Amino acid sequence: MTAPRHARPKILQVGLDWFDEKPGGLSRYYLEALRATDGRFDNRGLVVGSEDVARMSQGVVRAFASPTDSFVRRLTASRAAIRAELKSFCPDVVVSHFAPHVVSSLDLLRGRPLVTHFHGPWAEESRAEGATTGAARLKFTIERAVYSRSSSIIVLSESFKQLLASRYGVPRERIHVVPGGVNAAEFRVEQSREEAKDRLGLRPDRDYVFCIRRLVRRMGVENLIDAMAQLKQAHPEVVLLVGGRGPLADELRTRAEGLGDSIRFLGGVPQDELPLYYRASLFSVVPSVALEGFGLTTLESLAAGTPVVTTPVGGLQEIMARFRPGLVADGIGTEHLAALLDRVLRNREELPAQQECESFAAENDWKVIGARLGDLYEQAAAESLDERSPALVSSPIALPPGQRSDARRMPSLSVVIVSYRRAADLERCVEALARQNDPPDDINVIYREEDEDTVRLIERFRGRPEIPLRAHAVDRPGVVAARNRGLDTTTADVVAMIDDDTEPPPQWAGALRRHYADNPRLGALGGRDVVWVDGTSIDGRRDTVGKLQWFGRVVGNHHLGYGEPRPVDVLKGANMSFRMAAVQQRRFNELLRGDGAQPWEDAEFSLAIKRSGWPVLYDPNLVVRHNQSARREARHYATFAALAGRERYNYRCFCFNEVIAVWPSLSPGGKVAYFVFSGVVGTGVAPGLVQIVRNARSLGFSAVDRFLLCQAGKFQAFMALASSSVASTGSGKTHG
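Just so we're clear, the structure is a prediction, and the values are computed from it rather than from any experiment. (Residues numbered from 1 in each chain as written. Predicted model: local features only at pLDDT ≥ 70, side-chain atom pairs only at ≥ 80, totals over all residues. Heavy atoms only, no water.)

Novice: Describe helix α13 (residues 315-322), naming the residues involved and giving the relevant values.
Specialist: Count 3.6 residues to each turn of an α-helix, and residues three or four apart come out pointing the same way. Within the sequence span of α13, burial applies to G315, L316, I319 and M320. The buried residues of α13 occupy one face: seen down the axis, they fall within an arc of 130°. Considering only its buried residues, α13 is in contact with α6 (158-168), β11 (283-286), α12 (296-303), β12 (308-310) and α15 (354-363). (Buried < 20%, exposed > 50% of the residue type's maximum accessible area, 1.4 Å probe, protein only. Helix = DSSP H or I, 4+ residues; strand = E, 2+ residues; numbered from the N terminus. Arc of directions from axis to C-beta. Contact = heavy atoms within 4.5 Å.)

In structure tokens form, the structure reads like this:
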């Protein structure tokens, strides 16, 4: 492998083990995939292994954990390693070869293509080897979380495509069949069969049948041993060579005691001897009984010029259908295998010749397979670069009043402001909009009739023709109804929503328009709100802004973002906008509860836009000043303090709304994790049991009271979701 050159797309490949340290089918595939795509991409890799991995791979791959580390330790270590690579290497695509090693990083990968290689159903393989039901269910949940998040999945055979679609619910259009490959040159052997026997110290007067497998139940080696026992008398000259290690090694040796010198267990076969064992054999056998996606040993044997016989399991049938269907047993049982072996041994002249075997293997050389993988990686990389193209993330530049940046059609813009009994704040906000270099087409104030100060202010503004003010009244409380009124009454291409206590600078509206003009695919855009409280701004910097983590925790920080524009999951209601083509009939969710503010309404709506396939962007350069005013309803959810009166209801609504907002956007595994995290751990605002224990000494019963209120609100939300379609469709005209 060569050192990275950054003119090519960058691929981060997350694997299981390093082949030189722990040989196996998956680790060999990982190594060969890296080699086969190395000239086309800048590859970087992460695996479990020793510090020597970096040296052996010339710095391309490094180990993030030791083989002796626990599963939990691997989860945390893989997350730390992936986070570091995202910052330092900045890959265009992340490729996963083993779902557990990326599951803890799914939140970090939002907005970045994830291509997953499905090498087999981990949970079912574990169950076949005796794993408990609970362990198998956990593994299935992990797998499904990764597969549901993946932008595309590569499988080895049509049988695995069928399994992935039917069992894991992955849409078929996201599944791509690319068969396994073989390094044909590595397995090509110049020696004849007799010369290979001599090199390995095998008897020249015996015929050898070779099987190299991991010694686990689903590989079917016990059936092969029993079949050979049935054939011993008819074919006494045949010796079975069994290579490989695994938990069944001792059991299989005991099972084969009656075969005497008609069987030899080789243990682990050195890589440089493996082609010789294939070449020295009359044929090789792949006796799998279940969950065989491809069978790389099939191609290895053929590349060495040696025929192969198989059982009719999974991808084995697909390979042999293209090569020699007659070398496939009628079933997986001992009697079927014995019948096939007996027929082949009696009719050896019908076995394909060395050249035929090598020619077929050459058609599946890694040079060919690597090109197909590269096409899929490149397609994902192109989508990644498109989403982060300069047109999408370019920083806006202020223009003189009335000037457009070019001849592009700028979208029409309506600014919606929801206001209730804060006339002084509203006046400052509208005046700031009137001073825009590129003013909005209209300013739409949503108000309540009983708010007399606001009604009088609206009448004053209507007397100023330079302010394109429209006003619409709502007859019920809550920001959800008010925001929906704004959506219902707009005719603009883009609707921006800002709080009445914000002040946009003069370049704000023009910069917002240009974002939408430059990227017709942009569905929603938000910016930074610089928060001022009592004359002092809240300063700070945060890298992570507007992200929904895979287990349901939302990271806000919109007031502290900096740097370049980037894709996000969640926008903040003080400074957000939407393309009406993305909104269509969707409306803010009326399941949300609370007095006035109805928290989480902005997160719920922006997540719904993203679920519908439209990119959501946060630009920290798109700034408004946020003169944060005290609301009529106390910000009870902003501190971990005792609650009284109406605060108790509003706090329960806050926890209720959190579930309504985030639940539809979580993967199946994420929903399980959220359910557990919110009840067991929680946060200081919405505590679980751990937070209660931490605060019980200082807060006493108020901590327990807050926990009970929060869990009651979330339970009510789960009940509401169960009786509504909001979980499957997100926000809509019918709010479900």
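From this point on, the discussion continues.
Novice: Which residues make up the confidence of the model for the protein, and what are the values?
Specialist: Overall, the predicted model of the protein reaches an average pLDDT of 87, with 91% of residues at or above 70. Across residues 385-407, where pLDDT falls below 50, the model places 44 contacts with residues more than four positions away in sequence or in other chains. Long-range and interchain partners of residues 630-640, a stretch whose pLDDT sits below 50, account for 30 contacts in this model, where long-range means more than four residues apart. (pLDDT = per-residue confidence, 0-100.)

Novice: I'd love a proper account of the sheet that holds strand β6 (residues 152-155), names of residues and values included.
Specialist: Whether parallel or antiparallel, the strands of a sheet pair through hydrogen bonds between backbone atoms. As summarised here, the arrangement of the seven strands in space is β3-β2-β1-β4-β5-β6-β7, forming an open sheet in which the pairing is parallel. Across the chains shown, the open sheet's two edge strands, defined by having one partner strand only, are β3 (61-65) and β7 (175-177). Looking at each pair of strands side by side, their axes are set apart by 25° on average, direction ignored. (Pairing = 2+ DSSP bridges. Axes fitted to C-alpha atoms, helices over the stretch in contact; angles between N-to-C directions.)

Novice: Give a description of α15 that names residues and reports values.
Specialist: Buried within α15 are the following residues: C357, E358, F360 and A361. Looking straight down α15, one finds its buried side chains confined to an arc of 160°; they lie on one side. Within α15, the exposed residues directed more than 90 degrees away from the buried face are Q355 and E363. Buried residues along α15 sit against α12 and α13.

Novice: Describe in detail the packing of helix α9 (residues 221-231) against helix α14 (residues 334-346), supporting the description with residues and values.
Specialist: Two elements in contact, α9 and α14, have axes whose closest approach is 8 Å; the angle formed by their N-to-C orientations is 55°. In this view, α9 runs oblique relative to α14, as classed from their interaxial angle. With respect to the hand of their crossing, α9 and α14 are arranged in right-handed fashion. Across the interface between the two elements, N223, L224, D226, A227, M228, Q230 and L231 from α9 touch T334, L337, A338, L341 and D342 from α14. (Parallel < 35°, antiparallel > 145°, perpendicular 65-115°, else oblique. Left-handed = near helix turned anticlockwise from the far one by under 90°.)

Novice: Talk me through the environment of F41; I want residue IDs and the actual numbers.
Specialist: Examined against the element boundaries, F41 turns out to sit in the loop between α1 (25-37) and β2 (42-48). Residue classification places F41 among the buried residues on the basis of a relative accessible area of 0%. Measuring from C-alpha to C-alpha, the distance between F41 and Y377 comes to 8.9 Å, with 336 residues separating the pair along the chain.

Novice: I'd like to hear about the nonpolar core, residue by residue, with values.
Specialist: Counting residues in each nonpolar core, the largest one holds 84 residues, and the members touching the most others are L240, F283, L341 and L373. A total of seven residues in this core trace back to one element, the largest contributor, which is helix α16 (residues 366-387). Here L373 is in contact with Y29, A33, H117, I154, V178 and W366, once residues within four sequence places are set aside. Grouped together as the second largest cluster of nonpolar side chains are 47 residues, V495, A582, F588 and V662 included. (Core = buried A, V, L, I, M, F, W, Y, C linked by side-chain atoms within 4.5 Å.)

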